[in-house]
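# Working through the structure, step by step
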Amino acid sequence: MVRYFYAWTPLVIVAGTAVLLCSPLALIALMIVTLVALAALARAIVSLMYVLSRAIDRRWPRRGGESPRTAAPLSPANRQHA
């Protein structure tokens with residue numbers, strides 16, 4: 001008896017998908033899901049390029065062997081009068 005129900009599974013899936021896609025609300029939902037997926041893909045590509053460029057930049061040799069340094073914080077205590 002169970003084998004009989006398994007035989008109908010592909011037909012139920014195809015028919016259910018067709019019914020869902022024929023309703024206007026389902027088409028709108030499908031378009032929204034597609035746009036969100038495309039936006040996520042674009043963000044993933046952009047962030048991957050950003051991370052790769054930073055990784056390559058860090059490994060790139062600097063001129064004169066100097067390493068990138070941060071500036072001293074500006075505060076009134078460190079100010080030298082001319």
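These notes cover the structure that comes with them. Since the model is a prediction, treat every value here as computed from it, not as a measurement.

### Regarding the overall build of the protein
Helix and strand counts for the protein come out as two helices and zero strands. Expressed as a percentage of the 82 residues in the protein, the buried residues total 1%. Looking at the protein as shown, the accessible area adds up to about 8,400 Å², and 72% of this sits on carbon and sulfur atoms.

### Comments concerning a nonpolar patch on the surface
Side chains of Leu-35, Leu-38, Leu-41, Ile-45, Leu-48, Met-49 and Leu-52 sit close together on the surface and give an oily, nonpolar patch of about 710 Å² of accessible area. Secondary-structure assignment places Ile-45 in helix H2 (residues 24–59).

Rules used in this analysis
Residues numbered from 1 in each chain as written. Predicted model: local features only at pLDDT ≥ 70, side-chain atom pairs only at ≥ 80, totals over all residues. Heavy atoms only, no water. Helix = DSSP H or I, 4+ residues; strand = E, 2+ residues; numbered from the N terminus. Buried < 20%, exposed > 50% of the residue type's maximum accessible area, 1.4 Å probe, protein only. Areas by Shrake-Rupley, 256 points an atom, 1.4 Å probe, with all protein chains shown as cover. Patch = residues over 30% accessible without salt bridge, like charges linked within 9 Å, V, L, I, M, F, W, Y side chains within 5 Å. Salt bridge = Lys/Arg side-chain N within 4 Å of Asp/Glu carboxyl O.

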